[in-house]
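Spelled out from the first residue to the last, the chains are:
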Amino acid sequence: MTRLRPRTLRGQLTLGLVVLLAAIFVGVGIGTTTLLHSFLVTRLDQQLTAAGPRYAQSLEHELAAADTRGQTQGTFGARAADNVITQDGVVDGTSMTGDNTGQVNLSAADTRALLALPTDGSPHTLCLAALGEYRLRAVKGADGDFLFTGLPLSPVSATVRELATAEFALFGGAVVAAALGGAAWVRLALRPLDRVATTAERVSTMSLASGEVALDVRVPDAERHDEVGRVGASLNRMLGHVGDALARRQAVERRLRDFAADAGHELRTPLAAVRGHAELALRRGDEIPPDALHALTRIEAESRRMGTIVDDLLLLARLDAGRPLESTEVDLTLLVLNAVDDAQAADLAKAGDGVTADGTADATADGTADGTAEVTAALTRHEWRLDLPTDPVTVPGDPHRLAQAVANFVTNARVHTPAGTRVTVGISVHADRVRLAVEDTGPGLAPDLTDRVFDRFTRGDPARSRASGSTGLGLAITRAVAEAHGGRVGVISEPGRTVFELVLPMRSAT
Ligand SMILES: Nc1ncnc2c1ncn2[C@@H]1O[C@H](COP(=O)(O)OP(=O)(O)OP(=O)(O)O)[C@@H](O)[C@H]1O
Ligand SMILES: [Mg+2]
């Protein structure tokens, strides 16, 4: 049933109108034809009663001499005695004299039906095989016989049929006209609603979650005093509220951004001073007592780290503000090679720290070391793989920011996975987009982390990460850089397979 319902309100209203009208016409049609039929039958009965059994009586003498004066054409007469039809005839109306009556060949069933007719003098309808439908009336004759007189119902049926045909044509035309006119009228009446829907659709496709959004669309029909006007006015009021809320959100965001940028700038100078003084003091290392030397080293390291955090926050604030980035053709392949090179070097340095003091850790590189050193080194390092196209892939963008974005992925794959993990960095081109993927075979992200791993200050294990110097800003920066370039980031993670991807357009969006 629902499948038959039109999709638009316009269609539903038009269909409703047509169905209602058709139902009314069918009712009127049935009513008028029934009334006409019963009216005509009543008139026929009156005629039958007025004519009396004169014709039937006259048949008793001789068919040819039957008294047909004043009898309607088609009048049927019959006489029955002792349950047998003795005479019958029908007025054929050819002339008033001579053989203008005809014998009727009544079938056995016709005869039975006639004889079964009540002799109360009131008319009854019978369908005779020889004559068709008749109104018939039986009366008792003077000499104990029964006299039947009947008039055909065919003229009544013909008249009723004519009326029905005329009504069908007339009402059918009216329904078609109503469908066409109704559709046009409904369309006209619903046009304001269409405008409301268009406005609502336009607003619904706007992305209001972030950025500077001007919500200046309004419904044009809000002045009307009907339902559409009310809906329009409510929608406009709602849009006004949403617009206010958006403006407030944007103001708060702007203030927060300005605050982060200002605070960053203000912190930079004292931080640089702290670091500078610490470095200066450390130059006279041999004159300083060991515990003070340790404190100074820590001050220098921590102020360096704080400098990095401040730089990250400043960069994020700048990206948030939508400041234009530098734009040149950046060789993404080269960025990947550099990042992996750096990661390998960091791996080696760590391995060097962990294995032996005499630098056997990097012995695998020149292939001269003994087997034990090689195995130990492999255990403390990652296995790096590259999956790059033969031709260099370039994208338009800011080389420093993109390098940072790529390095964040690669560093994470090194820092947040155990040694021995295989890391594959690949680049692939899909139509007008480039996909850079960093895949590792490490333990992966905790399920609750996957959704918010690109948010600021999200870290796997906050307590441990803080101690290890991680801030949770790396992926947030990567995402901001990707979005500033018209691209996006993504992650899929399960134990044994974690893929971070960066998708960038190959042509500049602007
Ligand atoms: N390849 C990975 N495997 C497992 N966990 C990861 C991986 N990459 C990131 N993570 C998790 O996601 C968290 C957020 O990463 P993100 O780079 O944003 O911050 P961070 O590395 O902790 O700090 P920062 O990069 O700012 O020094 C990490 O703390 C880590 O728990
Ligand atoms: Mg990181």
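Taking an unreviewed UniProt entry as the reference, the protein is identified by name as histidine kinase belonging to Catenulispora pinistramenti. Under Catalytic activity (unreviewed entry), UniProt gives the following word-for-word description of the protein: "ATP + protein L-histidine = ADP + protein N-phospho-L-histidine." According to UniProt, the comment filed for the protein under the heading Subcellular location (unreviewed entry) is "Cell membrane".

Colleague: Just checking my understanding: could you explain the overall build of the protein for this structure?
Modeller: When helices and strands are tallied, the protein shows 13 helices and 13 strands. Relative to its full complement of 510 residues, the protein shows a buried share of 35%. Considering only intrachain contacts with a sequence separation of at least 6, the fraction spanning at least 24 residues in the protein is 63%. Of the roughly 29700 Å² of accessible surface on the protein, 57% is carried by carbon and sulfur atoms.

Colleague: Hey, could you run me through the packing of helix H10 (residues 399-415) against helix H13 (residues 474-484) in this one?
Modeller: A packed helix pair is summarised by two numbers, namely the angle formed by the two axes and the spacing between the axes. At a closest axis distance of 9 Å, the pairing of H10 and H13 adopts a crossing angle of 140 degrees. Considered as vectors, H10 and H13 are oriented oblique to each other. Between H10 and H13 lies a crossing whose hand is left-handed. On H13, the residues touching Arg401, Leu402, Gln404, Ala405, Asn408, Phe409 and Asn412 of H10 are Gly474, Leu475, Ile477, Thr478 and Val481. Here the residues of the contact of H10 with H13 sort into 6 nonpolar, 5 polar and 1 charged.

Colleague: What is the right way to look at the packing of aromatic side chains in this model?
Modeller: All told, the structure shown has 4 aromatic pairs when counted by the stated rule. Consider the rings of Phe76 and Tyr134, whose centres lie 6.3 Å apart with planes at 75 degrees: the pair is edge-to-face. Taken as a pair, Phe76 in strand S1 (residues 76-81) and Tyr134 in strand S5 (residues 132-140) lie far apart in primary sequence, 58 residues in all. Like Phe76, the residue Tyr134 is buried in the burial classification. One aromatic cluster in this structure is built from Phe409, Phe454 and Phe500.

Colleague: Looking at this model, I keep getting lost on H13. Mind explaining?
Modeller: For an α-helix the count is 3.6 residues per turn, leaving residues at separations of three or four pointing the same way. Residues of H13 that are buried include every one of Leu475, Ala476, Ile477, Thr478, Ala480, Val481 and Ala482, and no others. Packing partners of the buried residues in H13 comprise helix H6 (290-320), H10, strand S12 (488-494) and strand S13 (497-505). Gly486, located one to two residues past H13, shows a positive phi value of around 80 degrees.

Colleague: What exactly am I supposed to notice about the sheet that holds strand S10 (residues 422-430) here?
Modeller: Spatially, 5 strands are ordered S8-S10-S11-S13-S12 in an open sheet, and the strand pairing comes out mixed. Lying at the two open borders of the sheet, with one neighbouring strand each, are strand S8 (383-387) and S12. Geometrically, the sheet is characterised by an average inter-axis angle of 15 degrees between neighbouring strands, direction not taken into account. In the sheet, strand S11 (residues 433-440) pairs with S13 via 8 bridges, with the strands oriented antiparallel. Bridging across to S13, Arg435 finds its partner in Val503.

Reading guide: rules and limits
Residues numbered from 1 in each chain as written. Chains lettered and ligands numbered in written order. Predicted model: local features only at pLDDT ≥ 70, side-chain atom pairs only at ≥ 80, totals over all residues. Heavy atoms only, no water. UniProt positions renumbered as here; feature names shortened; annotations may be inferred. Helix = DSSP H or I, 4+ residues; strand = E, 2+ residues; numbered from the N terminus. Buried < 20%, exposed > 50% of the residue type's maximum accessible area, 1.4 Å probe, protein only. Contact = heavy atoms within 4.5 Å. Areas by Shrake-Rupley, 256 points an atom, 1.4 Å probe, with all protein chains shown as cover. Axes fitted to C-alpha atoms, helices over the stretch in contact; angles between N-to-C directions. Parallel < 35°, antiparallel > 145°, perpendicular 65-115°, else oblique. Left-handed = near helix turned anticlockwise from the far one by under 90°. Nonpolar A, V, L, I, M, F, W, Y, C, P; charged D, E, K, R; others polar. Phe/Tyr/Trp six-rings, centres within 6.5 Å; stacked < 30°, edge-to-face > 60°. Pairing = 2+ DSSP bridges.

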